[in-house]
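Here are the chains, one letter per residue:
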Amino acid sequence: MTLWIQILLVIGLVLTAVYLVRATPSASHQAVRRILVILAVLVGVVAVIWPGLLSAIAHALGVGRGADLLLYGLVVVVLIESVSNYKRSVTQARTTSALARELALTEARLEDAIADVAALKKSSPSGKGK
Amino acid sequence: MTPPVKPAARSAKNHDVWIVIPLYNEAPVIGGVIDELKKEFANVVCIDDGSTDGSGAVAREHGARVITHPINLGQGAALQTGISYAREQANAAWIVTFDADGQHRIEDALGMLKLARSKKLGVVFGSRFLDDRTNPGWAKKVVLKTAVWVTNRTTKMNLTDAHNGLRVLSVEAARGINLQQDRMAHATEIVVQIGRTKVPWQEFPVEVIYTDYSKAKGQSLLNSVNILFDLIVN
């Protein structure tokens, strides 16, 4: 009965890919992440207190040992984490770009304004008589 | 800081046109490119994208208006900065995007402008694949054709050359552009956003001059993977 774990892992991986391609960061994602963190802590505590339970779940899913199940889960979690990190870095890069652009444009506008004033000053004394 | 060079709008031609050049480490060639452009265009804006070889200073010496990114952001980001700057200028009617490495011909830019003015187009895209003057070599052709394929799939516009740096935009069309892709995928993104503005557009046959210099700096085959990835991943 390795089928169950196979289905679970494939679903996990496909969802990771969908997350990579589709999702944009939002408040609900943050909520989901926080719920998952709390769940992970609870599951961890249970697994530490009753080590046999992990093995029992592993057997039920068609995995040989509890440690193997833990490893499979870890791989999926690491993948989701790196996708999430990648997306966060893209968002940050865009923010940085927007900020740097505003800075460059502000400097350019300032230079233009200064040049305009200088041109005005230059033309006004001699320009009066014309 | 050196005072910016104000364009002599009365003496030069095409004073309603702003040439926008993303500039990153092109010091050996940018001077010549600006000199050529200055013969026909009063307003040449270079966006120095954090160059480390003094490209910005060279461009300024040759009479271009230089806007400096405080850090290197990528070609797409530089293009957006240039478009943002040009479209807020009081006398701007047209924006021409131009590559810094000297691969475009001024005659093509003039031809595209003429077409845009006479047919009241919003955008004219330069294409190197409308005639057989340009021979990019097979590797480059694979990259470019991949980009075209992706672009046409995502935009339902039917372009023959998506990653050509020579484009003419009306200021109205330029107002609809807000590039997020900082790296090379911006060339597809710009087409997507123009498609959304529904302005009339046309392609124009241009020749791309591959010098040894531009060949050495050109896109590698692997970069088409990057372009695809940036476009697919949200």
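Note that this is a predicted model, so its numbers are computed, not measured.

*Asks:* Hey, could you go over the overall build of chain B for me, with residue numbers and the actual values?
*Replies:* Each helix and strand in chain B was counted, giving nine helices and seven strands. At 16 Å, chain B has a C-alpha radius of gyration in line with the 17 Å of a compact globule built from 234 residues. C-alpha atoms of chain B, sized along the principal axes, occupy 45 × 40 × 35 Å. Across the 234 residues in chain B, those meeting the buried criterion constitute 55%. Carbon and sulfur atoms make up 55% of the accessible area of chain B, which amounts to about 10,200 Å² in all. Of the charged side chains in chain B, 27 are positive and 24 negative; the average position of the first set lies 6 Å away from that of the second.

*Asks:* I'd like a description of the sheet that holds strand 5 (residues 123-127) of chain B, backed by residues and values.
*Replies:* Residue and element names in this part refer to chain B. Spatially, the seven strands line up as an open sheet ordered 3-2-1-4-6-5-7, and their pairing is mixed. Every other strand in the sheet has two partners, leaving strand 3 (65-68) and strand 7 (201-205) as the edge strands with one partner each. Going across the sheet, the axis of each strand differs from the next one's by a mean of 20 degrees, ignoring polarity. Here four bridges tie strand 1 (residues 17-23) to strand 4 (residues 94-97), and the two strands are oriented parallel to one another. Note on strand 4: the bridge partner recorded for valine 17 is tryptophan 94. Helix-sheet contacts for helix 3 (residues 75-87) involve strand 1, strand 2 (43-48), strand 3, strand 4 and strand 6 (167-170), and the interaxial angle to strand 1 is about 155 degrees.

Criteria and thresholds
- Residues numbered from 1 in each chain as written.
- Chains lettered and ligands numbered in written order.
- Predicted model: local features only at pLDDT ≥ 70, side-chain atom pairs only at ≥ 80, totals over all residues.
- Heavy atoms only, no water.
- Helix = DSSP H or I, 4+ residues; strand = E, 2+ residues; numbered from the N terminus.
- Rg over C-alpha atoms; globule rule 2.2 N^0.38 Å.
- Buried < 20%, exposed > 50% of the residue type's maximum accessible area, 1.4 Å probe, protein only.
- Areas by Shrake-Rupley, 256 points an atom, 1.4 Å probe, with all protein chains shown as cover.
- Lys, Arg positive; Asp, Glu negative; His and termini not counted.
- Charge placed at Lys NZ, Arg CZ, Asp CG, Glu CD.
- Pairing = 2+ DSSP bridges.
- Axes fitted to C-alpha atoms, helices over the stretch in contact; angles between N-to-C directions.
- Contact = heavy atoms within 4.5 Å.

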